[in-house]
Amino acid sequence: MISRNNFFLIISLIGLLSLGLIMVTSASIYIAQNLTGNPFYFATRQALFIGIGIFSFTLFLLIPSKILERTDWLFLLITIFLLGLLFIPGIGTEVNGSIRWIRLGPINIQPAEICKFSMILYTSGYCVRRMNEISTLRGFLKPLLLLGLVSFLILSQPDLGTTAIICAVVVAILFFAGISVFQFLLLLILLGILGFIAIYFTPFRLTRVMSFMDPFESQLGAGWQLSNSLIGIGQANWIGLGLGNSFQKNLFLPEAHTDFIFAILVEELGIFGVIFLLSMYILMIYSIFSIAMHSLTLKRFFQGFVAFGVGFLISIQAIFNLSVNLGLIPTKGLTLPFISYGGTSIIIMMSFIAIVLRINNENKYY
């Protein structure tokens, strides 16, 4: 089982990264030429990010999971510090009205992506340390107060999509660790109410929701992005238009190489491309959840919770991104894991896979 899961994880990781690099190269040619004069600007940087990710992957593959368990609080403190730095003038970089990046020369760091990493580690560690208290009100509220602080900092950027993902992952780990069904349902209702407030009282988010209902009615306005995504997807067949032949990436579809790269993938590679993409995700997620369950049977609870959190994160973020591209939910500003352009996201996701592989390898000795 251990060697099989390792094989599945590595194959799916290589498959997704390779497909992602190909699609970033194709989807970003026109926007890169327009912005920088170099059509392969984003492709070159994506290859660099993967190279850094391989270094990070190797590093976390060598770190025993027990060390991560003992230092989960340190990762959390670093994340909160970085999130706070965003709001200091001259440090946080604003793009499209959002302050989500810290620029260090040619490198942009996105603290919200690092937050996914630290929250999974810290919540998993907390559930192990307070396993007997999780079902009590006090033990239940402590991680929620921390989640509230982190959510406030990310919402202030503003970034509702990432906030929703982090909240969902933390709640899922708490439920997996043993909170009652009543507590779980209470959390879902609370998050639903907060989400409604965040959307209803923020004009640009409310506009997104309204345009999502019928994007072609406001095609030249708020529905521009989604309508062009649907046009690209609608042109696909079994084999697509062919790699490099997308019309929508020719400056029609905004964020074609990031949030809406799936629409370009469908347009160019067709249904066969989608089948390959989904197969790689299913293979990866199946392997991660198998490792999580195996860890729990060995009573390695921290390792099991971390693996479960990683699998749930990849699952829900992929589902959200695909749903946005297909017009099933309003635009969230979330990348497609391992596929979309983005340095911090690629490095964090590759680090997650390394941690899960390390956990799986350690399970052999228990």
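Up top you'll find the structure we're talking about.
**Student:** Residue-level account of empty space enclosed by the protein, with values.
**Tutor:** Throughout the structure, instances matching the rule amount to two cavities of 30 Å³ or more. Here the largest cavity is characterised by a volume of approximately 40 Å³. Asp259, Asn321, Val324, Gly333 and Leu334 are the residues nearest the centre of the largest cavity, which is lined by ten residues in total. Partitioning the lining of the largest cavity into residue classes produces four nonpolar, four polar and two charged.

**Student:** Could you give me a rundown of the side chain of threonine 258, with the residues and numbers involved?
**Tutor:** Its place among the elements puts threonine 258 in the loop between α11 (224–234) and α12 (261–297). Among the polar contacts listed, one links the side chain of threonine 258 to the side chain of glutamate 255, at a separation of 2.9 Å. When sequence neighbours within four positions are dropped, the list of residues in contact with threonine 258 reads Ser340 and Tyr341.

**Student:** So, the pattern of salt bridges: which residues are in play, and what are the values?
**Tutor:** Going through the model one piece at a time under the given rule, you end up with six salt bridges. Residues lysine 249 and glutamate 268 are paired through a salt bridge, measuring 3.0 Å at the closest nitrogen-oxygen approach. One end of the pair, lysine 249, is in the loop between α11 and α12; the other, glutamate 268, is in helix α12, and 19 residues separate them in sequence. The buried category is assigned to lysine 249, whose relative accessible area is 3%. Here arginine 358 makes a salt bridge to glutamate 362, at a shortest N to O gap of 2.9 Å. Note that arginine 358 and glutamate 362 are positioned in helix α14 (residues 343–362) at a spacing of four residues, about one turn of the helix. Assessed through its relative accessible area of 22%, arginine 358 is described here as partly exposed. The structure contains a network of salt bridges with shared partners spanning Arg300, Arg358 and Glu362.

**Student:** Would you mind going over the nonpolar core in detail, with residue names and values included?
**Tutor:** Core analysis: the biggest nonpolar cluster contains 99 residues, and Leu277, Tyr281, Met284, Ile314, Leu336, Phe338 and Ile353 have the highest contact counts within it. Top contributing element to this core by residue count: α12, with 16 residues. In this structure, phenylalanine 338 is in contact with Leu13, Leu16, Leu17, Gly20, Tyr281, Met284, Ile314, Ile346, Met349, Met350 and Ile353, ignoring residues within four places of it in sequence.

**Student:** Help me get a handle on the packing of helix α13 (residues 301–325) against α14, residues and values and all.
**Tutor:** Here α13 crosses α14 at 145 degrees, and the two axes come no closer than 10 Å. In the crossing of α13 with α14, the sense of the turn from one axis to the other is left-handed. For the pair α13 and α14, the contacting residues are Gln303, Val306, Ala307, Val310, Leu313, Ile314 and Gln317 in the first and Met349, Phe352, Ile353, Ile355, Val356, Ile359 and Glu362 in the second. Of the residues that constitute the contact of α13 with α14, the class distribution is eleven nonpolar, two polar and one charged.

**Student:** Can you tell me about the packing of helix α6 (residues 111–129) against helix α8 (residues 160–177), naming the residues and giving the values?
**Tutor:** Relative orientation of the contacting elements α6 and α8 amounts to 15 degrees, with a least axis distance of 10 Å. Compared by their axis directions, α6 and α8 come out roughly parallel. Crossing of α6 over α8 shows right-handed handedness. In this structure, α6 contributes Ala112, Cys115, Lys116, Met119, Ile120, Thr123, Ser124 and Cys127 to the contact, and α8 contributes Thr162, Ile165, Ile166, Val169, Val170, Ile173, Leu174 and Ala177. Residues belonging to the contact of α6 with α8 are distributed by class as follows: twelve nonpolar, three polar and one charged.

**Student:** Summarise the environment of isoleucine 233; cite the residues concerned and give the values.
**Tutor:** Examined against the element boundaries, isoleucine 233 turns out to sit in helix α11. Residues isoleucine 233 and isoleucine 264, 31 residues apart in the sequence, show an inter-C-alpha distance of 7.4 Å. For isoleucine 233, the residues in contact, after removing those within four places along its chain, are Ala263, Val266, Asn325 and Leu326.

**Student:** Please provide a residue-by-residue account of the packing of aromatic side chains, values included.
**Tutor:** Applying the stated criterion across every chain yields a total of 13 aromatic pairs. With 5.0 Å between their ring centres and 80 degrees between their planes, phenylalanine 42 and tyrosine 341 make a pair best called edge-to-face. Here phenylalanine 42, found in helix α3 (residues 41–62), pairs with tyrosine 341, found in the loop between α13 and α14; they are 299 residues apart in sequence, far enough to count as distant. Residue classification places phenylalanine 42 among the buried residues on the basis of a relative accessible area of 9%. Seen from their ring centres, phenylalanine 75 and phenylalanine 117 are 5.4 Å apart, and the 70 degrees between their planes marks the pair as edge-to-face.

**Student:** Tell me about unusual backbone geometry, and please be specific about residues and values.
**Tutor:** A positive phi angle is found at glutamate 255, which is not glycine, with a value near 60 degrees. Along the polypeptide, glutamate 255 turns up in the loop between α11 and α12. For glutamate 255, a relative accessible area of 30% gives the class partly exposed.

Conventions adopted
Counting starts from 1 at the beginning of each chain's written sequence and moves along it residue by residue. At least 70 in pLDDT is required for a residue's local features to be given in this predicted model, at least 80 for side-chain atom pairs to be given and counted, and no such filter applies to totals for whole chains, interfaces and linings, which use all residues. Hydrogens and water are ignored here; the side-chain numbers use all heavy atoms of the structure. Using protein atoms alone on a 1 Å grid, points that fit a 1.4 Å probe yet trap it form a cavity, whereas open point sets bounded by protein on both sides within 12 Å along at least five of seven lines form a pocket; residues with an atom within 4 Å of a point count as lining. Grid points are joined across faces, edges and corners, and a volume is the space filled by probe spheres set on the points. Just so you know the grouping, Ala, Val, Leu, Ile, Met, Phe, Trp, Tyr, Cys and Pro go in nonpolar, Asp, Glu, Lys and Arg go in charged, and all remaining residues, Gly too, go in polar. Runs of E in the DSSP output that reach at least two residues are strands. Runs of H or I that reach at least four are helices, and both are numbered from the N terminus. N or O atoms closer than or at 3.5 Å make up a polar contact, with two conditions inside protein: a donor-capable atom paired with an acceptor-capable one, and, for residues adjacent in sequence, both atoms drawn from side chains. Contacts are assigned to residue pairs with any non-hydrogen atoms lying within 4.5 Å of each other. We count a salt bridge whenever a side-chain nitrogen from Lys or Arg sits within 4 Å of a carboxyl oxygen from Asp or Glu. Only protein chains enter the calculation, and the probe is 1.4 Å; a residue is then buried if its accessible area is under 20% of its type maximum, exposed if over 50%, and partly exposed in between. What we call a nonpolar core is a set of buried Ala, Val, Leu, Ile, Met, Phe, Trp, Tyr and Cys residues that are connected through their side-chain atoms within 4.5 Å. Note on method: axes are straight lines fitted to C-alpha atoms, helices fitted across the in-contact stretch only, with angles between N-to-C directions ranging 0 to 180 degrees. For a crossing to be left-handed, the near helix must be turned anticlockwise from the far one by less than a right angle; the clockwise case is right-handed. To sort the angles, those under 35 degrees are grouped as roughly parallel, those over 145 as roughly antiparallel, those from 65 to 115 as roughly perpendicular, and the leftovers as oblique. Ring pairs shown here join Phe, Tyr and Trp side chains whose ring centres sit within 6.5 Å, with only the six-membered ring taken for Trp; geometry is labelled stacked below 30 degrees between planes, edge-to-face above 60, and tilted in between.

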